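Architecture and fold: a report
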Amino acid sequence: MWTRKLLKSRAWESLRTTYWKAFLVSIIIAIVGGNGGPSYSYRSGRGDYRGFDNVFAAPVIDMSHILYIIGFIIIVIVIILAVFALRVFVGYPLEVGGRRYFIHAAQNSADLNHLGFSFDKTRYMDIVKAMLWRAVINFLWYLLLIIPGIVKLYAFRMVPFILADNPNIGYKRALNLSEQMTNGHKFNMFVLDLSFIGWFLLGLLAFFIGVFFVLPYVNATQAELYLALRKNAIERGLCSHDELLIEPS
């Protein structure tokens, strides 16, 4: 059975000589996996902008304003689709490659080449399909209620790690195995996440920049968690070394 103290101590140990590599990988994971979008600001002057109220109050509808609104909506949709495509076709593969880096770094093989692991043609589409399927299923659970969505978020957390071991395992099997691995561990995983709050608050005090320096610690600990859950799953017969394409220890 794993403990927070054990995982964190192992994470610190793996970061002792590889911190800056881990920092670079963590920044990439944060960029491709984070949420965000463009922001817009509007300025209005009395002489040259009438505002939406005046547009609809006018006896004759100004076609230029309608075209402006339609054009704005189209631009927003294009931006959303572009961000979504970037997240799916670039972000997901990089995230899996980043997880593979941390798995191997925990086993004394901190090679940045792992970042490009997913972009091999024999792996790429299987990884994209599995990660996209995870996002869709998780979103559908969130439509039910927030709490079930959060529970499934933890249930599917090991998917990118599983794909980092075997990218061709299959999208349904990846989700199923992640659920089996995390069964009975979700609350402890939640508490593990909470244990980093102090570090993140300390990072926020350092002009917010400090948060980025905490990420390698978090990601290294998550990799240690996966290794512990993977070992437990193999011992329980939920999966095998061959299925995950790993050498028996």
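These numbers were taken from a predicted model, which means no experiment stands behind them. (Residues numbered from 1 in each chain as written. Predicted model: local features only at pLDDT ≥ 70, side-chain atom pairs only at ≥ 80, totals over all residues. Heavy atoms only, no water.)

**Section: the overall build of the protein chain**
For the protein chain, the helix and strand inventory stands at eleven helices and zero strands. Across the protein chain, helices and strands are ordered from the amino to the carboxyl terminus as α-α-α-α-α-α-α-α-α-α-α. Looking at the 249 residues of the protein chain, the share that counts as buried comes to 38%. The long-range share in the protein chain, meaning contacts at least 24 apart out of those at least 6 apart in sequence, stands at 71%. Accessible surface for the protein chain amounts to roughly 15,000 Å². Of this, 66% is attributable to carbon and sulfur atoms. (Helix = DSSP H or I, 4+ residues; strand = E, 2+ residues; numbered from the N terminus. Buried < 20%, exposed > 50% of the residue type's maximum accessible area, 1.4 Å probe, protein only. Contact = heavy atoms within 4.5 Å. Areas by Shrake-Rupley, 256 points an atom, 1.4 Å probe, with all protein chains shown as cover.)

**Considering the environment of N108**
Note that N108 resides in the loop between α4 (63–105) and α5 (124–144). Along the chain, N108 and T17 lie 91 residues apart, while their C-alpha atoms are 9.8 Å from each other.

**Comments concerning the packing of helix α6 (residues 146–155) against helix α8 (residues 171–182)**
Relative orientation and spacing of two packed helices are given, respectively, by the angle between their axes and the distance between those axes. Two numbers describe how α6 lies on α8: the axes approach to 8 Å, and their chain directions differ by 95 degrees. With respect to α8, the axis of α6 lies roughly perpendicular. Side by side, α6 and α8 meet where K152, Y154 and A155 of the first sit next to S178, E179 and T182 of the second. Within the contact of α6 with α8, the residues separate by chemical class into two nonpolar, two polar and two charged. (Axes fitted to C-alpha atoms, helices over the stretch in contact; angles between N-to-C directions. Parallel < 35°, antiparallel > 145°, perpendicular 65-115°, else oblique. Nonpolar A, V, L, I, M, F, W, Y, C, P; charged D, E, K, R; others polar.)

**Quick look at the side chain of S26**
Here S26 shows up in helix α2 (residues 19–33). A residue is classified by how much of its surface remains accessible, and S26, at 1% relative accessible area, is buried. Of note is the side chain of S26, whose polar atom sits 2.9 Å from the side chain of N219. (Polar contact = N/O pair within 3.5 Å; in protein donor to acceptor, adjacent residues only side chain to side chain.)

**Describing a nonpolar patch on the surface**
Together, F187, F190, L194, I197, L201, L204 and F208 make up an exposed nonpolar region whose accessible area comes to about 710 Å². Only α9 (186–194) and α10 (197–205) provide two or more residues apiece to the nonpolar patch. Structurally, F208 is set in the loop between α10 and α11 (210–235). (Patch = residues over 30% accessible without salt bridge, like charges linked within 9 Å, V, L, I, M, F, W, Y side chains within 5 Å. Salt bridge = Lys/Arg side-chain N within 4 Å of Asp/Glu carboxyl O.)

**Here's the deal with the nonpolar core**
Among the nonpolar cores identified, the biggest contains 54 residues, and M158, M181, Y226 and L244 are the most heavily contacted of them. For this core, the element with the most residues is α11, which contributes eleven residues. Setting aside chain neighbours within four positions, we find M181 in contact with M158, I162, Y226, L229, R230, A233, C239 and L244. (Core = buried A, V, L, I, M, F, W, Y, C linked by side-chain atoms within 4.5 Å.)

**Focus on the pattern of salt bridges**
Within the structure shown, the criterion is met by eight salt bridges. We note a salt bridge from K152 to E179, for which the minimum N-O separation is 2.4 Å. Residue K152 is located in helix α6, and its partner E179 is located in helix α8; the two are separated by 27 residues in the primary sequence. Between D165 and R230 there is a salt bridge; the shortest N-O distance is 2.8 Å. In this pair, D165 sits in helix α7 (residues 159–165) while R230 sits in helix α11, placing the two residues 65 residues apart along the sequence.

**Overview of the packing of aromatic side chains**
Taken as a whole and assessed by the stated rule, the structure comprises 14 aromatic pairs. Residues W133 and Y171 carry aromatic rings whose centres are separated by 5.4 Å and whose planes lie at 75 degrees to one another, so their mutual orientation is edge-to-face. Note that W133 is positioned in helix α5 and Y171 in helix α8, a separation of 38 residues in sequence. Classification of Y171 as partly exposed rests on a relative accessible area of 28%. Between F161 and Y226, the aromatic rings sit 5.3 Å apart at their centres with planes inclined by 20 degrees, giving stacked as the arrangement. Pair noted here: F161 is in helix α7 and Y226 is in helix α11, with a separation of 65 residues, a long-range link. Like Y226, F161 is buried. Three or more aromatic residues joined by ring pairs form one cluster here, namely W12, F196, W199 and Y217. Cation over ring: K8 sits above F196, and NZ or CZ is 4.4 Å from the ring centre. Taking NZ or CZ as reference, R100 lies 4.0 Å from the ring centre of F117, over its face. (Phe/Tyr/Trp six-rings, centres within 6.5 Å; stacked < 30°, edge-to-face > 60°. Lys NZ or Arg CZ within 6 Å of the ring centre and 35° of its normal.)

**Notes on the confidence of the model for the protein chain**
Of all residues in the protein chain, 88% attain a pLDDT of 70 or more, and the chain-wide mean is 88. Counted against residues more than four places away or in other chains, residues 34–59, with its pLDDT under 50, gives 13 contacts. (pLDDT = per-residue confidence, 0-100.)

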